[in-house]
Amino acid sequence: MITRVVKMRFNETDLQDFLELFSQVKPLIEKQTGCHDVHLLQDADNPQVLFTISHWSQLEDLENYRNSALFQNTWSKTKKLFSHSAEAWSLHSLDIHSQHVK
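Residues numbered from 1 in each chain as written. Predicted model: local features only at pLDDT ≥ 70, side-chain atom pairs only at ≥ 80, totals over all residues. Heavy atoms only, no water.

Quick look at the overall build of the protein chain now. Scanning the protein chain from terminus to terminus reveals three helices and four strands. Mapped in sequence order, the helices and strands of the protein chain form the string β-α-β-β-α-α-β. In the protein chain, 69% of the contacts between residues at least 6 apart in sequence involve partners at least 24 apart. When the accessible surface of the protein chain is split by element, carbon and sulfur atoms take 50% of a total near 6700 Å². (Helix = DSSP H or I, 4+ residues; strand = E, 2+ residues; numbered from the N terminus. Contact = heavy atoms within 4.5 Å. Areas by Shrake-Rupley, 256 points an atom, 1.4 Å probe, with all protein chains shown as cover.)

For the rest of this paragraph, the subject is the sheet that holds strand S3 (residues 49–56). As summarised here, the arrangement of the four strands in space is S2-S3-S1-S4, forming an open sheet in which the pairing is antiparallel. The strands lining the two open edges of the sheet, one partner per strand, are strand S2 (35–42) and strand S4 (87–92). Mean inter-strand twist for the sheet, computed between neighbouring axes without regard to direction, equals 15 degrees. In terms of strand pairing, S2 meets S3 through seven bridges, oriented antiparallel. Bridge assignment links glutamine 42 to a residue of S3, and that residue is leucine 50. The sheet contacts of helix H2 (residues 59–66) involve strand S1 (2–9), S3 and S4, and relative to S1 the element is tilted by about 40 degrees. (Pairing = 2+ DSSP bridges. Axes fitted to C-alpha atoms, helices over the stretch in contact; angles between N-to-C directions.)

Position of threonine 74 relative to the elements: it lies in helix H3 (residues 69–79). Residues threonine 74 and methionine 1 lie 73 residues apart in sequence; the distance between their C-alpha atoms is 24 Å.

The next subject is H3. What H3 keeps buried is the set Leu70, Phe71, Thr74 and Thr78. The arc that holds the buried residues of H3, viewed along the axis, is 90 degrees, so those residues lie on one side. Buried positions along H3 lie against S1, helix H1 (15–30) and H2. (Buried < 20%, exposed > 50% of the residue type's maximum accessible area, 1.4 Å probe, protein only. Arc of directions from axis to C-beta.)

The subject of this paragraph is the nonpolar core. Nonpolar side chains in soluble globular proteins generally cluster together in the buried interior. Of all hydrophobic cores here, the largest spans 20 residues; its most connected members are Met8, Phe10, Phe18, Ile29, Trp56 and Tyr65. Put simply, the parts of the chain that give this core at least two residues each are S1, H1, S2, S3, H2 and H3. Looking at this core element by element, the count peaks at six residues for H1. What tryptophan 56 contacts, discounting residues up to four positions off in sequence, is Met1, Ile2, Arg4, Ile29, Gln32, Thr33, Gly34, Cys35, His36, Asp61, Leu62 and Tyr65. (Core = buried A, V, L, I, M, F, W, Y, C linked by side-chain atoms within 4.5 Å.)

This next bit is on the packing of aromatic side chains. The final tally for this structure, using the stated rule, is seven aromatic pairs. Members of the aromatic cluster, joined through ring pairs, are Phe10, Phe18, Phe22, Trp56, Tyr65, Phe71, Trp75 and Phe82. (Phe/Tyr/Trp six-rings, centres within 6.5 Å; stacked < 30°, edge-to-face > 60°.)

As structure tokens, then:
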């Protein structure tokens, strides 16, 4: 399982535009092969800072989505609304009981 975390900072005047876009594309992202869910979170201290957290069966599924027309179209619209560059991480869960680290 892969967890993808993306931190985005928006201009105050563009935040609503992103929220509307996200509400349209979220169901489409969740229909992508290997996507289990997508969540949008807002920083408690700074409402212009948002995070998406998505869960994928494997890294290949995430990469296929990132190379898709849906992602390219959504990302091109989204990055125009940023006040700062986005930050992103692809993460594996660690099972500390088995001490297995990839």
